[in-house]
4 protein chains.
Amino acid sequence: MVEKRDTKEKILRAALEMFTESSYSTVTIDDIAKRAGVSKGGVFHYFDSKLQLAKKALVLGVKMLWAKNIDEQLDGCKTPAEKVWVIIDNSLSGIIEQSKLMRFINDMYTYCKDESGTMESIKNIWEEHIKIVKTTLSEVGVSNPGLKSRILCACIDGLIYQILTFQELKINLDSLKKEIYDLFVK
Amino acid sequence: MVEKRDTKEKILRAALEMFTESSYSTVTIDDIAKRAGVSKGGVFHYFDSKLQLAKKALVLGVKMLWAKNIDEQLDGCKTPAEKVWVIIDNSLSGIIEQSKLMRFINDMYTYCKDESGTMESIKNIWEEHIKIVKTTLSEVGVSNPGLKSRILCACIDGLIYQILTFQELKINLDSLKKEIYDLFVK
Amino acid sequence: MVEKRDTKEKILRAALEMFTESSYSTVTIDDIAKRAGVSKGGVFHYFDSKLQLAKKALVLGVKMLWAKNIDEQLDGCKTPAEKVWVIIDNSLSGIIEQSKLMRFINDMYTYCKDESGTMESIKNIWEEHIKIVKTTLSEVGVSNPGLKSRILCACIDGLIYQILTFQELKINLDSLKKEIYDLFVK
Amino acid sequence: MVEKRDTKEKILRAALEMFTESSYSTVTIDDIAKRAGVSKGGVFHYFDSKLQLAKKALVLGVKMLWAKNIDEQLDGCKTPAEKVWVIIDNSLSGIIEQSKLMRFINDMYTYCKDESGTMESIKNIWEEHIKIVKTTLSEVGVSNPGLKSRILCACIDGLIYQILTFQELKINLDSLKKEIYDLFVK
DNA sequence: CATGAATGAGACTTCATTCAT
DNA sequence: GATGAATGAAGTCTCATTCAT
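If you're wondering where the values come from, they're calculated on a predicted model, not measured in any experiment. Sequence order as written defines residue numbering, which begins from 1 separately in each chain. Working convention: letters from A go to chains and numbers from 1 go to ligands, in the order in which they are written. pLDDT decides what is reported in this predicted model: residues at 70 or higher carry local features, side-chain atom pairs at 80 or more are listed and counted, and totals for whole chains, interfaces and linings draw on all residues regardless. Hydrogen atoms and water are omitted, and side-chain values are computed over all heavy atoms in the structure.

### Re the interface of chain C and chain D
Each side of the interface is counted separately: chain C has 48 residues, and chain D has 47 residues. Carbon and sulfur atoms make up 64% of the surface buried where chain C meets chain D, a total of about 4100 Å² over both sides. Whenever Lys or Arg places a side-chain nitrogen within 4 Å of a carboxyl oxygen from Asp or Glu, that contact is recorded as a salt bridge. On the surface where chain C and chain D come into contact, there are six salt bridges. For the salt bridge of Glu168(D) with Lys123(C), the shortest nitrogen-to-oxygen distance reads 1.9 Å. Here a polar contact is recorded for every N or O atom pair within 3.5 Å, except that within protein the pair must consist of a potential hydrogen donor and a potential acceptor, and residues adjacent in sequence are included only if both atoms are side-chain atoms. Linking chain C to chain D there are 17 residue pairs in polar contact (both at pLDDT 80 or more). Helix and strand definitions here come from DSSP, where helices need a minimum of 4 consecutive H or I residues and strands a minimum of 2 consecutive E residues; each element is numbered from the N-terminal end. Within the residue set of the side of chain C that touches chain D, elements represented by two or more residues are helix H7 (95-112), helix H8 (118-140), helix H9 (145-166) and helix H10 (173-185) of chain C. Split into classes, the residues belonging to the side of chain C that touches chain D amount to 22 nonpolar, 14 polar and twelve charged. In what follows, a contact means two residues having at least one pair of non-hydrogen atoms within 4.5 Å. Buried surface area refers to the total accessible area, computed with a probe of radius 1.4 Å, that the two partners give up upon joining, counted for both partners together. Amino acids outside the nonpolar list (Ala, Val, Leu, Ile, Met, Phe, Trp, Tyr, Cys, Pro) and the charged list (Asp, Glu, Lys, Arg) are all regarded as polar, and Gly is one of them.

### Topic: the arrangement of the chains
Kept free of each other, chain A and chain D leave a smallest C-alpha distance of 21 Å between them. Of all C-alpha pairs spanning chain B and chain D, none lies closer than 13 Å, and the two are not in contact.

### Comments concerning the packing of helix H9 (residues 145-166) of chain D against helix H10 (residues 173-185) of chain D
Residue and element names in this part refer to chain D. Closest axis-to-axis distance for the H9/H10 pair is 11 Å, and the angle between their directions is 165°. Looking at the two axes, H9 sits roughly antiparallel to H10. Considering the relative orientation of H9 and H10, their crossing is right-handed. Counting all contacts with H9, which are made through Lys 148, Ile 151, Leu 152, Cys 155 and Leu 159, the residues of H10 involved are Leu 176, Ile 180 and Phe 184. A per-class count over the contact of H9 with H10 returns seven nonpolar, no polar and one charged. Every angle, taken between N-to-C directions, lies between 0 and 180 degrees, and every axis is a line fitted to C-alpha atoms, over only the stretch in contact when it is a helix. An angle below 35 degrees is read as roughly parallel, one above 145 as roughly antiparallel, one from 65 to 115 as roughly perpendicular, and any other as oblique. A clockwise turn of the near helix away from the far one marks a right-handed crossing, whereas an anticlockwise turn of less than a right angle marks a left-handed crossing.

### As for the domain arrangement of chain A
Residue and element names in this part refer to chain A. Once the domains are mapped, chain A shows domain 1 (1-60) and domain 2 (67-186). With centres defined by C-alpha atoms, the gap from domain 1 to domain 2 works out at 28 Å. Residue-level contacts link 14 residues of domain 1 with 13 residues of domain 2. Buried area between domain 1 and domain 2, summed over both chains or domains, comes out near 1200 Å², and the portion from carbon and sulfur atoms is 73%. Three residues stand out in domain 1 for area buried against domain 2, namely Thr 20, Lys 55 and Leu 58, and they jointly supply 49% of the buried area on that side. Residue ranges for the domains originate in an automatic or database domain assignment.

### Some thoughts on the relation of the copies chain C and chain D
Copy-to-copy superposition: least squares on the C-alpha atoms, limited to residues that have pLDDT of at least 70 in both copies. Once turned by 180° and shifted 0.0 Å along the axis, chain C lies on chain D with an RMSD of 0.1 Å. Both copies of the chain, as the preceding transformation shows, are related through a two-fold rotation axis. Of all interface residues in chain C, 98% are interface residues in chain D too; the two copies therefore contact each other through one and the same surface.

As structure tokens, this is what we get:
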């Protein structure tokens, strides 16, 4: 009973780990099974196909990283400005993890672009995040919070992308955070 | 003689087209050969392996898109501020093409991360671009042009990434350009 | 106790249904279990293997269709000629069912040809039937009843086979019955 | 050039041999490749899938056996009655081969029944054969040649089926031929 | 130079069967 | 008795790569 949930969970986590490390096509069901400690057949007992497993793993990954209790941290802030700082600081601190997830999302996009569902659900989680940023920027009192929230998030994504592609930022992360903060909050 | 160069070129372009449309593993040598109008064996006559071909195609793609005569356009500008606008406008106008290339880069990263060479050469092209942006921002007189140039480029990359992943920006592109311009040039 | 017999019977009937509809290799234990309303393990509780189950189902099917109270019907006939008609009419009226069973027999033949037992027992049932036909033809007074009984049965089998393979006979069934009757009884 | 046709032919013949000996699901692509003397990949170079190969092999088999130069033999006959004898003699002489082919046809039926094409083309060949029998019976001057031709063919099919299922006829083949001849030609 | 037939490693997936609960 | 999670052997099919012509 509890076992069942556990095995499925184990497979899902193993899949997430592997798919964030390598590309979808490079990772084999065998690899995942081995890492999860189950047999190849076991994977198919819980998931219909490799693709379905990857999709589920992707959603899990996005939820784990993006839905990371940022709400609590924002609640603990005294001023709106502080909130902005928390958002920037938070996003860029887990930049390596973020970049791996981004790679995975990007990879899966190729396999899911013609279907509706998977990317949609990720988009929804993403939009939730944008909304929080927008509200926060509004509270700070900046002009055009709608546009600015998207630009701020794009900024962070772009930096993550640079890390992903080049493995380094060449600039001190803390200076970057500060500069971004100044740019948006003035 | 000229023929030779042509065939190789044809294969390279066909590969670039296909690899920007689908993922590396999805595209087959057969597909590329067919699109290039040569035989499967022909591809291996000019390239050692699929991976080598993909790398060459990637570099070609990056050069074609990033090294796109921006220099000339910048030369035509009268004020530094105008140059910044050209940079922003240019990058975001070809956003669909950019996003496809980004996907390809991302895809190849998985296959090349453990080796030195390919990603390095792309990085170099990228750094060239950053340098131009930095110089331009300096001329405008903003503070911390080094940091700001990276942030501006990250901003643009992040927007491209959103297009790539979600197929839409939900915001008018021109308003975005203007807002970004204001943000960085004030 | 009674339950036990019931479960086994349920499985057997479910198996017969499925094996007459699709081929042995296409039908899975899961399918049978589902149709019988038991678990996969349940099937193996009553039968050693898929093949053994199929054999038992085959014999059941043959008995159900061939041993179908033809004796009673023959007993009700007043003349030997009437008996011949009953045999022909009976066999060809259930032609669709017969053809499904024939397909199953044929299918199983591949899996059992190298072993003695299953096909033997079916053959025995078959020989019983031939004997009845032979006796009946003797009573009618035809020449060579031994040969003719086999030819008559072959005739019917051949028509069933045509139905099986081509799904239609292209000829009115009643005319056929009458013609066959005339041919053998004159 | 000639090679190409040869290899495809070799595979087709190997497939026909194996599929007439065992069931579709039991025969593996590996088996066929081995018997044809090519690699597994070679099979897929010429045929899209196992099923497609089996269909092609089936049609080949039917053509080879059914379209067997019966026309020439019939042309050589002096009287219509002689023709009938040739038909009966011919069909029942190759009864073992016929029964193997029948098993294959039957087997494939399961996999092709929901699609149009394969069984249709076999049916056409079959109908051709019926037509010849009908014409011959007409020439002999029997009543209802349309019905009788179908019954005669059914007779032969039924005997083939008995051979297939029980491996023996229990009756001398020549007596059978004679009896059938008498039955239809009188 | 060019072709495309041939190879074979390796991927995904199915499914009969076992067994702990 | 009954369940269904787990196994793993085996099958189909793909595709980069080679090589004779």
